[in-house]
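Remarks on the overall topology
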Amino acid sequence: MLINYLRTALRNLRKNKLSSVINIFGLAIGLTSCLLIAVYIKHEVSYDAFEQKGSRIVRVIMEYNFAGSGESNKGNFTSVRVAKVFTHVFPEVESAVRMTEQSRIVGYKDKLIDEKNFMYADPTFFDIFTFPLLEGNPKTALSSPYSVVLTESAARKYFGSDDPLGRVLKISNDSNPYKITGVLPDCPTNSQIKFDFLASFSSLGLGEEYEKTYWDANYTTYLLLRNEQSIGSLQAKLPPFMKREMEGQGATVNFYLEPFEQIHLYSSYGGFEPNTNIVYIYILAGVALLILIIACATYVNLKTSRSIDRAREVGVRKVVGAGKYQLFWQFISESFVLCLVATLISLFLAWLLLPYFNQLSQKSLKPATLFSLPFVSFSLIIAVVVSLGAGSYPALVLSGFQPVKILKGTFRNSPSGQLLRKSLIVFQFAISVFLIVCTIIMQKQLHLIQHKDLGYDREHVIVLPMDQEMLSKLDFIKEQLKLNPDILNVSRCVRSPVEGAGGYNMRSTSMPENQQIAVFANPADEDYIATAGLHLLAGTSFTHLDVIDASPTDSKNRFYHFVLNETAAKQLGWTPEEALGKKMFLDNSRPGYVRGVVRDFNFQSLHDPVRAYVLFPEMRGREMLVRISGRSVQQTLAFIESKWKSLVPSRPFEYHFMDNDYESLYNAEIRLGSVMNLFASIAIVLACLGLFGLSAYAAQQRVKEIGIRKVLGASVVDIVIALSYDFFRLTTIAIVIGFPFAWWAMSGWLRDFAYRTGIGWVAFAVAGSFTLILAMVTVCAHGVRAALANPVKSLRSD
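For the structure given in this document, a descriptive report is provided here. Note that this is a predicted model, so its numbers are computed, not measured. (Residues numbered from 1 in each chain as written. Predicted model: local features only at pLDDT ≥ 70, side-chain atom pairs only at ≥ 80, totals over all residues. Heavy atoms only, no water.)

By the definition in use, this model includes 26 salt bridges. We note a salt bridge from Asp486 to Arg631, for which the minimum N-O separation is 2.7 Å. With Asp486 in the loop between helix H14 (474-481) and strand S14 (487-493) and Arg631 in the loop between strand S22 (623-628) and helix H19 (633-647), the pair connects residues that are 145 residues apart, well separated along the chain. Residue classification places Asp486 among the buried positions, given a relative accessible area of 11%. A relative accessible area of 62% places Arg631 in the exposed class. A salt bridge links Arg590 to Asp587; its shortest N-O distance comes to 3.7 Å. Judged by relative accessible area, Arg590 falls into the buried class, the value being 11%. Since its relative accessible area comes to 27%, Asp587 is described here as partly exposed. Residues participating in the shared-partner salt-bridge network are Asp114, Lys116, Asp467, Arg651 and Glu654. (Salt bridge = Lys/Arg side-chain N within 4 Å of Asp/Glu carboxyl O. Helix = DSSP H or I, 4+ residues; strand = E, 2+ residues; numbered from the N terminus. Buried < 20%, exposed > 50% of the residue type's maximum accessible area, 1.4 Å probe, protein only.)

See the structure below:
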C-alpha cells in the first residue's frame with residue numbers, strides 16, 4: 001500500500017510540473033532560510049556552553065556616583081582590589097580572577113607583530129574557566145611574572161612545528177622577556193573570552209597602591225561561587241558592605257553580579273567579545289518562522305486551488321471502494337515526498353550558501369553543523385511537520401469529496417475553498433509587507449547612523465597605534481609626516497573620538513571638595529581638536545606649552561588647561577562663553593582653567609545621549625591620528641609607512657581608518673539590517689510564487705469566460721483588470737493588516753536608540769506601493785497571456 005502511495009505521488013508530481021516546481025522551490029527556499037538562521041541561532045545560544053563551571057561564574061559590574069551628582073556610571077570595569085577583597089570577605093566566593101586585554105608588540109627573532117588578542121589573567125584563570133592545556137601545568141602556568149601561555153595557532157605562527165615550551169618572547173616595552181609556560185587549543189568560536197596570548201596578571205607590575213582603592217577601575221573581574229544558588233545572597237550583601245567601605249569618601253560605589261552564562265545574550269555591558277542582543281535572536285527566529293509559514297501557505301494554496309483537477313481521480317477511487325482514510329494518507333504521502341525533496345535541496349543550498357551567510361553575519365559557522373545528527377534530525381522533523389501541517393488540509397479537502405458533487409462539479413465554486421485561498425493570500429502578503437516596512441525603517445536608521453553629524457569629522461582620518469616610547473620623539477615624527485602636503489594634521493591621544501574616553505570626575509571651585517560630577521576625559525595634545533574635526537564654540541585649543549607643562553616631575557605643581565564640551569560646561573553651571581578662564585578640578589588632582597568649549601559630539605554609540613567630556617593636555621598617548629586630504633590615499637599611506645619604518649622601527653606599521661571604527665560600533669545593527677534585507681526579499685518572492693501559481697490557475701479556470709468576453713468585444717486591458725481585481729483587493733487588505741504590526745515592532749526597536757529616525761509615512765507608502773505593484777505584475781503576466789489567446793480555441797476546448 002505504501003509503495004502504491006509513493007508511486008501515485010511521484011506520478012502526480014510529474015503530471016503537475018509547474019505546481020510541483022513552485023511548491024518544491026518555495027519550500028526549499030523557506031527551509032534553507034530556516035536552516036541558515038538555525039545554524040546562526042544555535043551558535044549564539046551555545047556561547048560558553050563548554051564551560052564546566054559556567055553556572056557558578058559571575059562577572060562583577062561596577063556602579064559609581066559622586067556626591068551631588070545625579071548621574072551614575074555603570075559598566076564592566078573594576079579595580080584590582082575587588083577580587084582580593086571579595087574572596088576574603090564573602091564565604092560565597094570560592095575564587096576570583098582579574099583580567100584585562102591589551103594590544104602588545106610580540107617579538108621573536110625577525111618577527112615583530114602587533115598582537116591584538118593579548119590578555120592578562122591571574123593564576124586562578126584555569127581553576128575557573130575550562131581551557132585545558134595541551135602542554136604545561138595549569139596550576140603554575142600563570143603563577144610567576146612574565147609568564148605567557150599561547151594558543152596552538154600563535155605557537156605555530158612563531159615557532160612552526162618546534163616545541164615552544166620554555167622559550168621566551170619579547171613583549172612590547174617590558175624589559176624582561178616572557179617565558180612560554182603552556183600551550184592550549186585555539187579558543188572556541190562560541191566563547192566570550194578569546195585570546196592568542198594569555199600572560200600572568202602579575203606581569204603588569206601594579207603596585208600595592210592599586211590594591212588599596214576601588215578606583216583605577218580598568219579591569220574585568222570574574223568570581224567563582226561555591227554554589228550557583230548563592231548569587232542572590234551575595235548580591236544582597238554587597239550594598240551595605242560597599243557603603244561601609246566608601247564612608248566619608250564623597251562617592252558611592254556598588255557592585256552587581258552578572259551570571260556568566262547570560263552575558264553574551266542579555267548583558268548591556270560589553271566585554272572581551274561583542275554581545276548579541278537576545279531581541280535580535282528573537283527577530284531572526286521570527287523571520288525564519290514567517291518565511292516557513294509563507295512557504296507552507298503557498299503549498300496549501302496551490303494544492304487546494306488545484307483540487308478540482310484531482311476530483312475525478314478521487315471520485316473514481318471512492319466508487320471502486322477507497323475509503324476517506326486511505327485517500328487522506330495517499331495525499332499526505334504526496335505531501336511528504338514533496339517536502340522530503342525540498343528538504344534535501346535545502347540542505348544542499350544551505351551548505352552552498354553558508355560561506356556567503358558567514359560574510360553577512362560576520363561569523364565562522366561550520367558546514368559540518370548542517371550535517372550533524374541534530375541538524376539532520378531537525379530537518380527531517382521539519383519535513384514531517386510541514387508535510388502534516390501543510391498537507392493535512394488539502395488532504396482532508398480532497399479525501400472528503402463526494403462522488404455525486406464531483407460529477408456535478410459543484411465544488412468548483414465552494415465558498416470554503418475560496419475563503420481559505422483568499423485568507424492565505426492575505427496572510428502571505430501581510431507578512432511580506434510587515435518585513436518590507438521593518439527593513440525600510442531599519443535602513444533609515446542605519447542611514448542616520450552613517451550620515452549623522454556627530455560633531456566631529458571621521459572621514460580621511462588614519463589611526464596609528466603608538467606607545468610611550470614614541471613620546472620623546474613625537475614632535476619630530478609629526479614634523480616628518482607633515483612634509484607630505486596630503487597630510488593635513490597629526491595628533492596624539494589616548495582615545496579617538498569614536499572610542500569614547502576614560503571615567504573621571506570634575507568640580508568647579510564653587511563646589512565642595514567632596515561633591516563631584518562624573519565625566520569622561522581624554523588626554524590629548526594641542527592638535528587633537530583640529531585633527532578630529534571638533535568645533536570650538538568658545539575659546540581656543542591647547543598650545544604646545546600647555547602640553548609640556550602638564551607633566552612636570554613634581555605632580556603637586558601640575559597645572560592644566562581644559563577643553564570642555566557643551567554638556568560638561570552646562571553641568572558646571574556655565575555657558576560656553578562663561579566657562580572661559582574658570583577654574584576647575586579634574587579628579588581633584590588636576591587643577592586648571594578652562595581654555596575652550598567645543599560643540600557636543602557623539603563619542604559613544606548613538607544608543608546613548610551625549611555626556612560630559614573633558615580634554616586635558618597630559619603627555620600620554622596610545623594612538624596617533626593622521627588627517628589626510630583624501631586625494632591620493634594609497635600614495636599617502638605608502639609615505640606614512642616609509643617614515644614609520646625609519647622613525648619607529650620598534651613597532652610594525654599598522655593602521656585603520658576612523659570611519660571603520662565608527663561602523664564597528666553598529667556591527668549588530670548592520671548585520672541585522674543585511675539579514676532583514678535578504679529575508680524580506682525571500683518572503684516577497686515566496687509570496688509572489690504562490691500568487692503566480694494561483695493566478696495561472698485562475699486564468700486557466702476562466703479561459704472560456706475570457707473567450708466569451710473577447711467575442712463580445714472586451715479589450716485586453718478589460719480582461720486583465722477583471723482577472724486582477726480580486727488579487728488587487730486581497731493584496732490591499734494584506735497591506736492594511738501588515739502596517740500596524742510593523743509600526744509596533746519598529747517603535748520598540750527604535751526605542752533603544754537615543755538618536756533615532758522618525759517612522760513616518762514614507763516607509764509605509766513605499767512598502768505598500770512596492771508590494772501592490774509586484775503583486776499586480778505577477779498576476780498580469782498570466783492575465784495578458786490569457787487575454788491574448790485565440791477565443792476560438794478556448795471556446796472549442798470542451
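For the rest of this paragraph, the subject is the packing of aromatic side chains. This structure, assessed with the given rule, holds 39 aromatic pairs. Summarising the aromatic geometry, the rings of Phe90 and Phe241 are spaced 5.1 Å apart at their centres and angled 75° between planes, so their arrangement reads as edge-to-face. Separated by 151 residues along the polypeptide, Phe90 in the loop between helix H3 (81-89) and strand S3 (93-101) and Phe241 in helix H6 (residues 231-245) bring together distant segments of the chain. On the basis of an interplanar angle of 85° and a centroid distance of 5.4 Å, the ring pair of Tyr146 and Tyr178 is categorised as edge-to-face. You can see Tyr146 sitting in the loop between helix H4 (125-128) and strand S7 (147-151) and its partner Tyr178 sitting in strand S9 (residues 178-184), a full 32 residues away along the chain. Residue Tyr146 is classed as partly exposed on the basis of its relative accessible area of 25%. Grouped by ring-pair contacts, the aromatic residues Phe50, Phe125, Phe126, Phe129, Phe131, Phe195, Tyr222 and Phe260 constitute a single cluster. (Phe/Tyr/Trp six-rings, centres within 6.5 Å; stacked < 30°, edge-to-face > 60°.)

For H14, the full list of buried residues reads Leu474, Ile477, Lys478, Gln480 and Leu481. Viewed end-on, H14 has its buried residues packed into an arc of 165°, placing them on one side of the element. (Arc of directions from axis to C-beta.)

Here we take up the nonpolar core. Counting 112 residues, the largest nonpolar core has Leu27, Phe429, Tyr528, Leu534 and Leu615 as its most contacted members. Take this core: its biggest share by element is 16 residues, from helix H13 (residues 415-451). Apart from the residues within four sequence positions on either side, Leu27 is in contact with Ala295, Cys296, Tyr299, Leu338, Cys339, Ala342 and Val386. Counting residues in each nonpolar core, the second largest holds 26 residues, with Ala96, Tyr214, Phe241 and Leu257 among its members. (Core = buried A, V, L, I, M, F, W, Y, C linked by side-chain atoms within 4.5 Å. Contact = heavy atoms within 4.5 Å.)

Put simply, H3 and H6 touch, their axes get as near as 13 Å, and they point 115° apart. Crossing geometry of H3 relative to H6 is assigned as right-handed. Taken together, the residues of H6 that come into contact with H3 (itself represented by Arg81, Val85, Phe86 and Val89) are Leu238, Phe241 and Glu245. Among the residues forming the contact of H3 with H6, the class breakdown is 5 nonpolar, no polar and 2 charged. (Axes fitted to C-alpha atoms, helices over the stretch in contact; angles between N-to-C directions. Left-handed = near helix turned anticlockwise from the far one by under 90°. Nonpolar A, V, L, I, M, F, W, Y, C, P; charged D, E, K, R; others polar.)

Glancing now at unusual backbone geometry. The phi torsion at Tyr146 lies on the positive side, around 60°, for a residue other than glycine. The phi dihedral of His460 is positive, around 60°, even though this residue is not glycine. Here His460 lies in the loop between H13 and strand S13 (461-465).

What follows concerns the pairing of strand S18 (residues 560-565). Counting buried residues along S18, 6 of its 6 residues qualify, which places the element largely inside the surrounding structure. Side chains of S18 alternate between two faces, with Tyr560, Phe562 and Leu564 and His561, Val563 and Asn565 buried alike. Where S18 meets strand S21 (residues 613-616), 2 bridges bridge the pair, whose relative direction is antiparallel. The residue bridging Val563 from the neighbouring strand is Leu615, located in S21. (Pairing = 2+ DSSP bridges.)

A word on the packing of H14 against H19. Axis separation between H14 and H19 bottoms out at 10 Å; the angle between their running directions is 150°. Classified by the interaxial angle, the pair formed by H14 and H19 is roughly antiparallel. For the pair H14 and H19, the crossing hand works out as right-handed. From H14, Phe476, Ile477, Gln480 and Leu481 reach across to H19, where they touch Phe639, Ile640, Lys643 and Leu647. (Parallel < 35°, antiparallel > 145°, perpendicular 65-115°, else oblique.)

For the rest of this paragraph, the subject is the side chain of Gln428. Here Gln428 is to be found in helix H13. Of the residues examined, Gln428 reaches a relative accessible area of 1% and is grouped as buried. Each residue touching Gln428, except ones within four places of it in the same chain, is listed here: Ile294, Ala297, Thr298, Asn301, Leu686 and Ala687.

Judged by side-chain polarity, Phe348, Trp351, Leu352, Leu353, Tyr356 and Phe371 come together as a nonpolar surface patch covering roughly 640 Å² of accessible area. Inspection of the secondary structure assignment puts Leu353 in helix H10 (residues 324-361). (Patch = residues over 30% accessible without salt bridge, like charges linked within 9 Å, V, L, I, M, F, W, Y side chains within 5 Å. Areas by Shrake-Rupley, 256 points an atom, 1.4 Å probe, with all protein chains shown as cover.)

It is worth spelling out the sheet that holds S13 at this point. The pairing of strands in a sheet comes from backbone hydrogen bonds and takes either a parallel or an antiparallel form. Pairing within the open sheet is antiparallel, and its 4 strands lie in the order S14-S22-S13-S23. Two strands bound the open sheet, and with one partner strand each, they are S14 and strand S23 (656-657). Two elements, S13 and S23, share 2 bridges in a ladder whose sense is antiparallel. Within S23, the residue paired with Val463 across the bridge is His656. Strand contacts of H19: S13, S14, S22 and S23, with the helix running at about 25° to S13, the strand carrying the most contacts.

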